[in-house]
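# Report on the structure
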Amino acid sequence: MEKKKLTGIVGSSRRLGNAEIVAKAIGEGLGEGWDLSLIRLPHLRIQPCKGCYACLQPGMSCNLQDDMAWLLDRLCEADALVVAVPDYILGPVGMVKMLTDRALQALARGTALWKKRTVVALTLGREEYRGYADTALIAQVAGLGLDVVGTECFYGTHPGEAAIAVDFQEKIDHLAGALLGDERASVEYGNRCPRCLSDLFRTHPQGLECAVCKSLAERKDDGSLHFFFFHPEFSEEGQIEHINWLQMKKAEYPHLKNRLKAVQSSYQGGTWLSPPQAQTG
Ligand SMILES: Cc1cc2nc3c(=O)[nH]c(=O)nc-3n(C[C@H](O)[C@H](O)[C@H](O)COP(=O)(O)O)c2cc1C
């Protein structure tokens with residue numbers, strides 16, 4: 001029987017670092033029926049999105065020449081994905097956001113990524129410096145259109161150190177189980193939004209509001225969170241609506257162009273500082 005494809009996106013430059021080891025351990029946890037391929041994110045050429053919305057127009061594609069389209073092809077052909085990324089200065093390494101900023105072009109591939117089971121692993125040195133990294137990483141991976149079904153944080157500073165933690169295998173089993181949907185997946189997150197897995201909340205008159213998907217929770221006397229509202233914008237229908245809204249905004253532009261040009265003309269110029277040979281603003 002043909003093996004299924006697990007693709008691991010490794011967000012660290014460190015060879016045999018914690019993120020690489022986590023991705024490989026999850027591959028092993030899936031068992032014989034799976035093949036793991038790895039992509040080292042920092043080795044890709046991913047340019048910043050230019051904000052031109054060309055990729056939203058029917059028949060048009062992103063005109064930046066880099067590895068983004070290649071990467072999207074690899075994501076589409078995978079049966080499941082693991083994204084393992086280190087925490088740098090309280091957030092996930094910046095290249096993940098660079099990738100997600102280019103995600104609108106994935107829409108041209110339809111909903112191919114929407115049901116792609118994906119687990120997200122953050123590697124980090126210390127809980128005290130976790131910051132917003134795990135939630136940002138989950139949101140950025142989901143922003144690519146992938147279905148994030150599980151997450152864990154792996155602690156260790158030196159390359160390989162995460163794998164000698166006592167709970168390493170338990171976390172690997174959880175993520176492998178989440179990808180396969182087997183009994184190992186049944187971990188109670190407790191303090192995370194059940195829809196988007198964020199653990200960042202804003203205060204709200206009715207309790208706590210998920211900082212990512214705006215679901216609402218009340219805190220019970222025992223400290224647990226009871227979620228009672230899920231914002232329709234972040235349902236599958238809501239996301240389709242949002243794509244339609246973006247396309248409407250793109251279509252609206254020619255009608256507003258002259259008015260907006262008049263506004264822009266009063267803000268022309270400026271003193272722009274650039275390094276040698278770089279283009280100015
Ligand atoms: C530039 C830099 C910034 C870091 N910032 C943090 C941080 O804010 N919080 C944290 O817990 N660990 C931080 N770390 C530690 C790494 O997240 C940790 O060593 C992780 O296991 C590295 O994963 P890797 O082996 O896959 O590269 C930082 C490491 C580097 C190199």
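First things first, this report covers the structure right here in the doc. Computed from a prediction, not measured in an experiment: that's the story for all the values here.

About the cut-offs
- Residues numbered from 1 in each chain as written.
- Predicted model: local features only at pLDDT ≥ 70, side-chain atom pairs only at ≥ 80, totals over all residues.
- Heavy atoms only, no water.
- Helix = DSSP H or I, 4+ residues; strand = E, 2+ residues; numbered from the N terminus.
- Rg over C-alpha atoms; globule rule 2.2 N^0.38 Å.
- Buried < 20%, exposed > 50% of the residue type's maximum accessible area, 1.4 Å probe, protein only.
- Contact = heavy atoms within 4.5 Å.
- Areas by Shrake-Rupley, 256 points an atom, 1.4 Å probe, with all protein chains shown as cover.
- Lys, Arg positive; Asp, Glu negative; His and termini not counted.
- Charge placed at Lys NZ, Arg CZ, Asp CG, Glu CD.
- Pairing = 2+ DSSP bridges.
- Axes fitted to C-alpha atoms, helices over the stretch in contact; angles between N-to-C directions.
- Right-handed = clockwise from strand over helix to strand, strands pointing away.
- Near = heavy atom within 4 Å.
- Polar contact = N/O pair within 3.5 Å; in protein donor to acceptor, adjacent residues only side chain to side chain.
- 1 Å grid on protein atoms, 1.4 Å probe; cavity = no way out; pocket = protein on both sides within 12 Å on 5 of 7 lines; lining within 4 Å.
- Sits in = over half its atoms within 2 Å of the grid points.
- Nonpolar A, V, L, I, M, F, W, Y, C, P; charged D, E, K, R; others polar.

### Some thoughts on the overall build of the protein chain
The number of helices and strands found in the protein chain is six helices and ten strands. Taking 19 Å as the expected radius of gyration for a compact globule of 281 residues, we find that the protein chain reaches 21 Å, a close match to that expectation. Oriented by its inertia axes, the alpha-carbon framework of the protein chain measures out at about 65 × 45 × 45 Å. Across the 281 residues of the protein chain, 39% fall into the buried class. Contacts spanning at least 24 positions in sequence make up 67% of the contacts within the protein chain whose residues lie at least 6 apart. Here the protein chain has roughly 16,300 Å² of accessible surface; of this, 53% comes from carbon and sulfur atoms. Each charge class in the protein chain can be summarised by its mean position, and for the 31 positive and 34 negative side chains these summaries are 9 Å apart.

### A look at the sheet that holds strand β9 (residues 216–219)
Spatially, β7-β8-β9-β10 is the arrangement adopted by the four strands of the open sheet, whose pairing is antiparallel. Looking along the sheet, the strands with just one partner apiece sit at the ends: β7 (201–204) and β10 (225–229). Taken over all neighbouring pairs, the strand axes of this sheet differ in orientation by 35 degrees on average, direction set aside. Judged from the two bridges that link them, strand β8 (residues 207–210) and β9 form a sheet pairing that is antiparallel. What sits directly across from Leu208, in β9, is Ala217.

### Structural notes on the pairing of strand β2 (residues 34–40)
Where strand β1 (residues 4–10) lies against β2, seven bridges are found, and the strand directions are parallel. Residue Lys4 lies in a different strand from β2, and its bridge partner there is Trp34. Note on the crossover from β1 through helix α1 (residues 18–30) to β2: the handedness is right-handed.

### Concerning the site of the ligand
Taken together, 17 residues are adjacent to the ligand, and Ser12, Ala19, Asp87, Leu90 and Gly156 come closest. Taking Asn18, its main chain carries an N or O atom lying 2.8 Å from an oxygen atom of the ligand. A distance of 3.0 Å separates an oxygen atom of the ligand from a polar side-chain atom of Thr123. One can see that the ligand is located within the second largest pocket. Listed by contribution, the elements that provide at least two residues to the shell around the ligand are α1, β3 (80–88) and β5 (117–124). With three residues, β3 is the largest single contributor of residues to the shell around the ligand. Grouping the amino acids of the shell around the ligand by side-chain chemistry returns seven nonpolar, seven polar and three charged.

It is worth stressing that arrangement in space is one thing and function is another; only the former is reported here.
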